[in-house]
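Commentary on secondary and tertiary structure
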Amino acid sequence: VAVVAERPMPATGVVVAWLRVSLRAAQNPTVAVAAALARATGRPLVVYVGLGERYPWASDRHHAFLLAAGREAVRGLRARGVH
């Protein structure tokens, strides 16, 4: 968990769980903390997975793996009520 600003939350908005490394629905601390914050504040939870090409191991094969893991995570998150 990273605090990106020391200021009050706005009155409206969503909670975003940005998955960069652990692309799984179960036993994912990022999703767990974001879901708890969303419940506590009554806000929707959005799970974001982004791909980029600016890192040493970027390749079509690796991105295909990440996309497959992302699809599996979506199925698991939907089963948990996260859309």
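Presented here is an overview of the structure given in this document. (Residues numbered from 1 in each chain as written. Predicted model: local features only at pLDDT ≥ 70, side-chain atom pairs only at ≥ 80, totals over all residues. Heavy atoms only, no water.)

**So, helix 2 (residues 60-79)**
Every α-helix winds through 3.6 residues per turn, so residues three or four apart in the chain are directed the same way. This is how it is decided: Here a strand is any run of E in DSSP of at least two residues, a helix any run of H or I of at least four, and the numbering for each starts at the N terminus. The span you would expect from a helix comes to 1.5 Å times its residue count less one. Type-normalised accessible area, obtained with a 1.4 Å probe on protein chains alone, sets the label of each residue: buried when under 20%, exposed when over 50%, and partly exposed for intermediate values. The arc in question is formed by the directions pointing from the helix axis toward the C-beta atoms.
With 20 residues, helix 2 should reach 28 Å at 1.5 Å per residue; the first-to-last C-alpha distance of 29 Å fits that figure. Taken together, the buried positions of helix 2 are H63, L66, A69, G70, A73 and L77. Down the axis of helix 2, the buried side of the element spans an arc of 120°, and every buried residue falls inside it. With respect to the buried face of helix 2, the exposed residues turned more than 90 degrees away are D60, R61, F65, R75, R78 and A79.

**Thoughts on unusual backbone geometry**
At Q27, a position not held by glycine, the phi torsion is positive, near 50°. On the secondary structure map, Q27 appears in the loop between strand 1 (15-19) and helix 1 (29-41).

**Here we look at the packing of aromatic side chains**
One pair of aromatic rings is described through two measures. These are the centre distance and the angle between the planes. Note the cut-off: Centres within 6.5 Å make a pair out of two Phe, Tyr or Trp rings, where for Trp the six-membered ring is used; the pair is then stacked when the planes are under 30 degrees apart, edge-to-face when over 60, and tilted otherwise.
Under the counting rule described, the total for this entry stands at one aromatic pair. With a centroid separation of 5.5 Å and an interplanar angle of 80°, the aromatic rings of W18 and Y48 are classed as edge-to-face. Taken as a pair, W18 in strand 1 and Y48 in strand 2 (residues 45-49) lie far apart in primary sequence, 30 residues in all.

**As for the layout of surface pockets**
The gaps left among the atoms become clear once a water-sized probe is rolled over them. Put simply, the rule is: Grid points spaced at 1 Å over the protein atoms alone were grouped into cavities, where a 1.4 Å probe fits but cannot get out, and pockets, open sets with protein on both sides within 12 Å along at least five of seven lines, with lining residues defined by an atom within 4 Å of a point. Grid points are joined across faces, edges and corners, and a volume is the space filled by probe spheres set on the points. Gly counts as polar in this scheme, as do all residues outside two lists: the nonpolar Ala, Val, Leu, Ile, Met, Phe, Trp, Tyr, Cys and Pro, and the charged Asp, Glu, Lys and Arg.
Of the volumes computed, that of the second largest pocket is approximately 270 Å³. When the residues that make up the lining of the second largest pocket are grouped by side-chain class, the tally is nine nonpolar, two polar and three charged.

**Focus on the pairing of strand 1**
Worth spelling out the cut-off: Should DSSP find at least two bridges between two strands, the strands are taken to pair. Note on handedness: a crossover is taken as right-handed if, strands pointing away from the viewer, the path from the first strand over the helix to the second is clockwise.
Of the two faces of strand 1, the one lined by V15, A17 and L19 is fully buried and the one lined by V16 and W18 carries no buried residue. In this sheet, strand 2 lies alongside strand 1 in parallel orientation, the contact comprising five bridges. The residue bridging A17 from the neighbouring strand is V47, located in strand 2. Considered for its hand, the β-α-β crossover made up of strand 1, helix 1 and strand 2 is right-handed.

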